[in-house]
Amino acid sequence: MEENKVYTMPRIGDKAPEFKAVTTQGEINFPSDYKGSWVILFSHPADFTPVCTSEFMTFATLEKQFNQANCKLVGLSVDGLYSHIAWLRTIKEKIEYKGMKDVEVTFPLIEDITMEVANKYGMVQPGESSTKAVRAVFFIDPKGIIRTIIYYPLSLGRNFDELYRVLIGLQTADEFSVALPADWRPGDDVIVPTAGSCGVAKQRMESKDEMTCHDWFFCTKKLDKEKVLKAILKK
Ligand code: BEZ
């Protein structure tokens, strides 16, 4: 008797689980084919469904913007390759939505009828559906490490402003060694690492230099939008 495989959900900081898959753009080895790039690996419940169609059209329309931030898109559903191809052809040939039309999806869409990849990434969540992946989003960095995970249910389409904000935010935090406050967007003040000694805490509270300290443990500084975008969009 074959034992049921037990999968653990990947977590932030884990290495992205490896897999080889067939996609609408040919075979991929993940994450090795994407070394050096950020990747957004995202799942959707099923082809030929309305929320997913609105999301795919939006992802495809924004793909260039994500690519400019050194990020590639990879989609997945537990449907088969021919269903994927037929759905993407329908999107291009027939669907007009919110000013988007003639939309060609050129990023790979993984076929995952065995649910092997979906299970490895914890994309099938039986409380929601045992036959469909939820709307999972994994942000994976150029070294293949998972840096952010967001899950949405079947009934709610993703917020693409937020997905782009997360991508730019992760890169900004890395590039400038800062943390980012609630609702941060490029151009907003950033948080400098918390003082690690009494001396530094005192100095920060007393000095009137480039930082604004709300208290010794919470200091912010300016970081120009142009500087952020130049650092991120250059790559
Ligand atoms: C949709 O994408 O519209 C959808 C997919 C699965 C369940 C419910 C909605």
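Note that the structure is predicted; figures quoted are calculated from it, not measured. (Residues numbered from 1 in each chain as written. Predicted model: local features only at pLDDT ≥ 70, side-chain atom pairs only at ≥ 80, totals over all residues. Heavy atoms only, no water.)

(A) Region of interest: helix H2 (residues 81-94). Helix length check: H2, at 14 residues, gives a terminal C-alpha distance of 20 Å against a target of 20 Å (1.5 Å per residue), a fit within 8%. Where H2 is concerned, the buried positions are Leu81, His84, Trp87, Leu88 and Ile91. End-on, the buried residues of H2 take up no more than an arc of 130°, which puts them together on one face. Relative to its buried face, H2 has exposed residues pointing more than 90 degrees away, namely Tyr82, Glu93 and Lys94. (Helix = DSSP H or I, 4+ residues; strand = E, 2+ residues; numbered from the N terminus. Expected span 1.5 Å × (residues − 1). Buried < 20%, exposed > 50% of the residue type's maximum accessible area, 1.4 Å probe, protein only. Arc of directions from axis to C-beta.)

(B) Representation of the pattern of salt bridges in the model. In the structure shown here, the tally under the stated rule is twelve salt bridges. A salt bridge links Asp102 to Lys92; the nearest nitrogen and oxygen atoms lie 2.6 Å apart. Placement of the pair is Asp102 in the loop between strand E6 (100-101) and strand E7 (109-111) and Lys92 in helix H2, with a sequence separation of ten residues. Among the salt bridges present, the one from Asp189 reaches Lys222, with a minimum N-O distance of 3.6 Å. Of this pair, Asp189 sits in the loop between helix H4 (160-176) and strand E10 (190-191) while Lys222 is found in the loop between strand E12 (218-221) and helix H6 (225-233), placing the two residues 33 residues apart along the sequence. The class of Asp189 is partly exposed, set by a relative accessible area of 29%. On the basis of relative accessible area, Lys222 is assigned to the exposed category, the value being 63%. The network of salt bridges with shared partners includes Glu55, Arg135 and Arg158. (Salt bridge = Lys/Arg side-chain N within 4 Å of Asp/Glu carboxyl O.)

(C) Molecular detail of the pairing of strand E8 (residues 135-140). Summarising burial for E8: six of the six residues are buried, a large majority. For strand E3 (residues 38-43) and E8, the ladder comprises four bridges, and the chain directions are antiparallel. Counterpart to Leu41 in the pairing with E8 is Phe138. With six bridges joining them, E8 and strand E9 (residues 146-152) adopt antiparallel strand pairing. Residue pairing across strands places Phe139 opposite Thr148, the latter belonging to E9. Here E8 folds back onto E9 in antiparallel fashion, the turn holding five residues, of which Gly144 has a positive phi close to 85°. (Pairing = 2+ DSSP bridges.)

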